[in-house]
Amino acid sequence: MEVRGKVVVVTGGALGIGRALCRRFALEGARAIVVADIHEAGAKAVAEEVQGQAVICDVRREGDIVRLVRFAEETFGAVDYFCSNAGILITGGVEVADRDWNRIWETNVLSHIYAARAVIPGMIQRGGGVFMITASAAGLLSQIGSAPYSVTKHAAVGLAENMDITYAEQGIKVFALCPQAVSTEMTRNGGGVAAVGVAAVDGMMPPEQLADAVIEGFKREEFLILPHPEVLTFFQRKANDYERWLRGMRRLRDKVMSSGA
Ligand SMILES: NC(=O)c1ccc[n+]([C@@H]2O[C@H](COP(=O)([O-])OP(=O)(O)OC[C@H]3O[C@@H](n4cnc5c(N)ncnc54)[C@H](O)[C@@H]3O)[C@@H](O)[C@H]2O)c1
């Protein structure tokens, strides 16, 4: 599965992981790159750099995503790869206010549903396509210090699984990208020292290295793309002995919370 010659859309493309993906797709020889983001100046800067097109789009609004897909299809004739990547982190537990639960639900879950509705029918008609959801290792394991992030990233992985099961026969290749900590705006300023501290236990990955892992993942054509390979071991440990895994996570939580990392 190669990006060369393909039309690629990346949401959250103005910064961090999305920007690194756009840059890497340009190097790989994508035919067109559509950089979608609410951050207008950032999207335009990245689009200029990769000789792509910026589209200002709030992924929480279905109408914006419909317009984004229509723009790409009308301008370039197709969307071959859709990277549903934009996401946010909110720290806290069940006490987090409903408006923030709704905001993260819309951004980290509904956005992927809107994108799938808008782009999958055209992909099927054209004989196939790639749909990648940027979830997180928190969607397979958990995010200490953030219930909203854990919940929404689990939902994102669940959606990706269900889409794979539903659409594989029709030529749609679905990927769930599940990194641990990557050095981006989210982990620099993004909201919650403790939450980020835990994710960073195994080190902060530069976004360029993550983009390498995505290209490798596309070639392997396996559902899970794990830029931090140790996540597979943690995931297997969770499945093999849930109680033990939970005990370990509680110990890790205590360590992180007491160190104020
Ligand atoms: N950084 C990490 O450690 C890490 C780890 C695992 C998963 N992720 C996931 O990777 C994805 C990208 O994260 P990042 O670290 O690059 O974050 P980031 O904050 O650096 O960049 C996110 C981008 O998404 C855009 N965005 C946010 N809300 C949007 C909206 N409603 N509509 C359109 N664009 C919007 C922002 O403007 C920004 O350009 C997210 O889904 C995040 O949850 C990040």
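Placed above this text is the structure.
Counting of residues starts from 1 at the beginning of each chain's written sequence and follows it residue by residue. Note on the predicted model: pLDDT of at least 70 is required for a residue's local features to be given, and 80 or more for side-chain atom pairs to be given and counted; whole-chain, interface and lining totals, by contrast, use all residues. Hydrogens and water are ignored here; the side-chain numbers use all heavy atoms of the structure.

Draft legend 1. View of a positive patch on the surface. Like charges within 9 Å and nonpolar side chains (Val, Leu, Ile, Met, Phe, Trp, Tyr) within 5 Å are joined into patches, using only residues over 30% in relative accessible area that form no salt bridge. Here, Shrake-Rupley sampling with a 1.4 Å probe gives the accessible areas, and only protein chains in the shown set may cover a residue. Here, a salt bridge means any side-chain nitrogen of Lys or Arg that lies within 4 Å of a carboxyl oxygen of Asp or Glu. Residues scored as positive are Lys and Arg, those scored as negative are Asp and Glu, and His as well as the terminal groups of each chain are ignored. We put the charge of a Lys on NZ, of an Arg on CZ, of an Asp on CG and of a Glu on CD. A grouping of Arg-237, Arg-244, Arg-247, Arg-250 and Arg-251 is seen on the molecular surface, where their side chains present a positively charged patch. Where helices and strands are cited, they refer to DSSP runs of H or I of at least four residues and of E of at least two residues respectively, numbered from the N terminus. Among the elements that make up the positive patch, the one with the highest residue count is helix H10 (residues 242-259) (4 residues). With respect to the helices and strands, the residue Arg-247 is situated in helix H10. Judged by relative accessible area, which is 41%, Arg-247 ranks as partly exposed. Throughout this description, buried means an accessible area under 20% of the type-specific maximum (1.4 Å probe, protein chains only), exposed means over 50%, and partly exposed covers the range between.

Draft legend 2. Representation of empty space enclosed by the protein within the structure. Here the term cavity refers to a set of points on a 1 Å grid, laid over the protein atoms alone, in which a 1.4 Å probe fits but cannot get out; the term pocket refers to an open set having protein on both sides within 12 Å along at least five of seven lines, with lining residues being those that place an atom within 4 Å of a point. Grid points are joined across faces, edges and corners, and a volume is the space filled by probe spheres set on the points. For the coordinates displayed, the defined rule picks out 1 cavity of 30 Å³ or more. The computed volume of the largest cavity comes to approximately 50 Å³. Lining the largest cavity, in full, are Met-1, Glu-2, Val-3, Arg-4, Glu-28, Ile-215, Phe-218 and Lys-219. Classification convention: Asp, Glu, Lys, Arg as charged; Ala, Val, Leu, Ile, Met, Phe, Trp, Tyr, Cys, Pro as nonpolar; all other residues, Gly among them, as polar. Considered class by class, the residues forming the lining of the largest cavity number 4 nonpolar, no polar and 4 charged.

Draft legend 3. Spatial organisation of helix H4 (residues 98-126). Over its 29 residues, H4 extends 40 Å from the first C-alpha to the last, a length consistent with the 42 Å expected when each residue adds 1.5 Å. Remark: the principal bend of H4, roughly 45°, maps to Leu-110. A positive phi of about 100° marks Gly-127, the residue just after H4. Here, expected helix span is obtained from the residue count minus one, scaled by 1.5 Å. The reported bend at a residue is simply the angle between two axes, fitted to the 7 residues ending at it and to the 7 residues beginning with it.

Draft legend 4. Local environment of the packing of aromatic side chains. What counts as a ring pair is set by centres within 6.5 Å for rings of Phe, Tyr and Trp (its six-membered ring), and what kind of pair is set by the plane angle: stacked under 30 degrees, edge-to-face over 60, tilted for all other angles. Counted according to the given criterion, the structure contains 5 aromatic pairs. A ring pair is formed by Phe-25 and Phe-218, whose centres lie 6.1 Å apart and whose planes are at 20°; its orientation type is stacked. Of the two residues, Phe-25 is situated in helix H1 (residues 16-27) and Phe-218 in helix H8 (residues 207-220); the sequence distance between them amounts to 193 residues. A relative accessible area of 1% means that Phe-218 is categorised as buried. Clustering of aromatic rings is evident, with ring pairs tying together Phe-25, Tyr-81, Phe-175 and Phe-218. By definition here, charges over rings are those cases where NZ of Lys or CZ of Arg is within 6 Å of the ring centre and within 35 degrees of the ring normal. For the cation-ring pair, Lys-173 lies above Phe-175, with the distance from its terminal atom to the ring centre recorded as 5.3 Å. Stacked on the ring of Trp-245, the Lys or Arg Lys-238 has its end atom at 4.6 Å from the ring centre.

The values reported here are purely geometric and, on their own, carry no functional implication.
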